[in-house]
Amino acid sequence: MLKGLGVDAKAVRLPEHLDEIDGIILPGGESTTIGKLMIVYGLHEILQKKIAAGVPVWGTCAGLILLARETDNALAGQPLLASMDIRVRRNAFGSQRESFETDLSVPALGEAPFHTFFIRGPLVEQAGPEVEVLATLDDGTIVAVREGTLLGTAFHPEVSGDTRFHQYFLRIVQSVKR
Ligand code: GLN
């Protein structure tokens, strides 16, 4: 998605890959596994430092869990970056079989609905006063948030081919890039 938008994107697996990075996407996957590997590979501390220095970070699905200050059902010892003032609930919509697609209204992206995919995603149970809610499901469940240069989505915005969320994040990156 990023390369299609002309971004010089690369996969980050080791701390040195973070040199000269203007923005970071924490992808979907398993937040427990990603969290443990972040510690093993020395990425946890450096990511926290980058976030504190204002580097934009977007967490999707498992990535959103990693950005959260708290999860209501973390496995024992699950490392979080604890950078967004939100509490999330993991696997909030059920198992893989309960994965679903839906059209979301996201005013920050314009009028057209954003078609997206929830794949064993989390939901945001609580959001602090500095957190902007970008999208909710019809029942009010919070599924997209922004706090300063941090962005979080409970779903997979890369599946439908609609690039508007990626462009939104790139605008955040551009706004802090010096
Ligand atoms: N269920 C996963 C978790 O708890 C997230 C799933 C995903 O990223 N699609 O980390």
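The structure we're discussing is the one just above.
Notes on the structure follow. None of these values were measured; they are calculated from a predicted model.

## A short note on the overall build of the protein
Thinking step 1. A count of helices and strands for the protein gives four helices and 10 strands.
Thinking step 2. In the protein, the succession of helices and strands from N to C terminus is β-α-α-β-α-β-β-β-β-β-β-β-β-α.
Thinking step 3. Relative to a compact globule of 178 residues, whose C-alpha radius of gyration would be 16 Å, the protein shows 15 Å and is just as compact.
Thinking step 4. With respect to the principal axes defined by its C-alpha atoms, the protein has extents near 40 × 40 × 30 Å.
Thinking step 5. In the protein, which comprises 178 residues, the share counted as buried stands at 42%.
Thinking step 6. Once local pairs closer than 6 in sequence are excluded, the contacts in the protein between residues at least 24 apart make up 63%.
Thinking step 7. Put simply, the protein shows about 9,000 Å² of open surface, and 50% of that area lies on carbon and sulfur atoms.
Thinking step 8. Taking the average location of the 17 positive side-chain charges in the protein and that of its 22 negative ones, the two points are 5 Å from each other.

## Some words on the pairing of strand S9 (residues 142-147)
Thinking step 1. Taken across its six residues, S9 has five buried, putting it largely inside the fold.
Thinking step 2. Taken together, the four bridges between strand S8 (residues 132-136) and S9 define a ladder with antiparallel strand orientation. Its bridge partner being in S9, Thr136 is matched across the sheet by Ile142.
Thinking step 3. Once S8 ends, the chain turns through five residues before running back antiparallel as S9, passing Gly140 with a positive phi of about 95°.
Thinking step 4. Of the strand pairs in this sheet, S9 and strand S10 (residues 150-153) are connected by four bridges, and their pairing is antiparallel. When the bridges of S10 are listed, Val145 appears paired with Gly152.

## Description of a nonpolar patch on the surface
Thinking step 1. Judged by side-chain polarity, Leu37, Val40 and Tyr41 come together as a nonpolar surface patch covering roughly 310 Å² of accessible area.
Thinking step 2. Of note, Tyr41 is situated in the loop between helix H1 (31-40) and helix H2 (43-52).

## Notes on the packing of aromatic side chains
Thinking step 1. One pass over the structure, following the stated rule, counts 10 aromatic pairs.
Thinking step 2. Aromatic rings pair up to connect Trp58, Phe93, Phe100, Phe114, Phe118, Phe155, Phe165, Tyr168 and Phe169 into one cluster.

## Focus: the environment of Pro56
Thinking step 1. Mapping Pro56 onto the fold places it in the loop between H2 and strand S2 (57-60).
Thinking step 2. A relative accessible area of 0% places Pro56 in the buried class.
Thinking step 3. Sequence separation between Pro56 and Ile25 is 31 residues, and the spatial gap between their C-alpha atoms is 8.6 Å.
Thinking step 4. In contact with Pro56, not counting residues within four places along its chain, are Asp22, Gly23, Ile24, Thr149, Phe169, Ile172, Val173 and Val176.

Procedures and definitions
- Residues numbered from 1 in each chain as written.
- Predicted model: local features only at pLDDT ≥ 70, side-chain atom pairs only at ≥ 80, totals over all residues.
- Heavy atoms only, no water.
- Helix = DSSP H or I, 4+ residues; strand = E, 2+ residues; numbered from the N terminus.
- Rg over C-alpha atoms; globule rule 2.2 N^0.38 Å.
- Buried < 20%, exposed > 50% of the residue type's maximum accessible area, 1.4 Å probe, protein only.
- Contact = heavy atoms within 4.5 Å.
- Areas by Shrake-Rupley, 256 points an atom, 1.4 Å probe, with all protein chains shown as cover.
- Lys, Arg positive; Asp, Glu negative; His and termini not counted.
- Charge placed at Lys NZ, Arg CZ, Asp CG, Glu CD.
- Pairing = 2+ DSSP bridges.
- Patch = residues over 30% accessible without salt bridge, like charges linked within 9 Å, V, L, I, M, F, W, Y side chains within 5 Å.
- Salt bridge = Lys/Arg side-chain N within 4 Å of Asp/Glu carboxyl O.
- Phe/Tyr/Trp six-rings, centres within 6.5 Å; stacked < 30°, edge-to-face > 60°.

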